[in-house]
Amino acid sequence: MQIKIRLVWLVAAALWASGCATATSLGSAGQKGPLVYSGTRLDLAAMAGDERGLRRFNTAPPAYPWLDLPFSLAVDTVILPLTFAQAGFEWTISRRPF
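The shown structure was predicted, so the numbers you read here are calculated from the model rather than taken from an experiment.

Reading guide: rules and limits
Residues numbered from 1 in each chain as written. Predicted model: local features only at pLDDT ≥ 70, side-chain atom pairs only at ≥ 80, totals over all residues. Heavy atoms only, no water. Helix = DSSP H or I, 4+ residues; strand = E, 2+ residues; numbered from the N terminus. Contact = heavy atoms within 4.5 Å. Areas by Shrake-Rupley, 256 points an atom, 1.4 Å probe, with all protein chains shown as cover. Buried < 20%, exposed > 50% of the residue type's maximum accessible area, 1.4 Å probe, protein only. Polar contact = N/O pair within 3.5 Å; in protein donor to acceptor, adjacent residues only side chain to side chain. Patch = residues over 30% accessible without salt bridge, like charges linked within 9 Å, V, L, I, M, F, W, Y side chains within 5 Å. Salt bridge = Lys/Arg side-chain N within 4 Å of Asp/Glu carboxyl O.

A. Structural detail: the overall build of the chain. When you go through the chain residue by residue, the secondary structure sums to six helices and zero strands. Here the contacts in the chain between residues at least 6 apart in sequence split such that 59% fall between residues at least 24 apart. When the accessible surface of the chain is split by element, carbon and sulfur atoms take 68% of a total near 6900 Å².

Laid out in structure tokens, this is it:
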């Protein structure tokens, strides 16, 4: 049991040290930045070495995207209603002919 607890703390420390892709991508998204599943998309672009995909985000990818991917996927799924609503609102505002 003690080993499992230490393993959980080790994984949590590694994620904290490498940065959470969802938190960093949402914090720096700004307008016209990807919002829906942004952390997952940032991790996948980093793992694929997609420079064009990485430029869409205004932040650096985490140091270990393969380790961050399952957690980003989980967090992105939980906050999906919020990010989808925000993305829809920004799209609506950008389409108004003012």
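On we go.
B. Quick look at the side chain of T22. For T22, the position within the fold is in helix 2 (residues 21-27). T22 gets classed as buried once you look at its relative accessible area, which sits at 3%. At a separation of 3.1 Å, a polar atom in the side chain of T22 contacts the side chain of D76. Setting aside chain neighbours within four positions, we find T22 in contact with S38, G39, S72, V75, D76 and I79.

C. Structural view of helix 3 (residues 38-48). Along helix 3, the residues that are buried comprise S38, G39, T40, L42, D43 and A45. Buried-residue contacts for helix 3 involve helix 2, helix 4 (51-55) and helix 5 (65-78). Remark: G49 follows helix 3 within two positions and exhibits a positive phi of approximately 75°.

D. Focus on a nonpolar patch on the surface. A surface patch of nonpolar side chains, about 450 Å² in accessible area, is lined by L44, M47, Y64 and W66. On the secondary structure map, M47 appears in helix 3.

E. Inspection of the environment of D76 at higher detail. As for its placement among the helices and strands, D76 is situated in helix 5. Placed 37 residues apart in sequence, D76 and G39 show a C-alpha to C-alpha distance of 6.8 Å. Contact partners of D76, with chain neighbours within four places excluded, come to T22, Y37, S38, G39 and T40. In terms of polar contacts, D76 uses its side chain to reach the side chain of T40, at 2.8 Å.

F. Expanded view of the side chain of T83. Following the sequence through the fold, T83 ends up in helix 6 (residues 80-95). Relative accessible area serves as the criterion here: at 8%, T83 is assigned to the buried category. Looking at T83, its side chain comes within polar contact range of the main-chain oxygen of L80, at 3.2 Å. With near-sequence residues (within four places) excluded, T83 lies in contact with L26, L35 and V36.

Bear in mind that shape data such as this cannot, by itself, settle questions of function.
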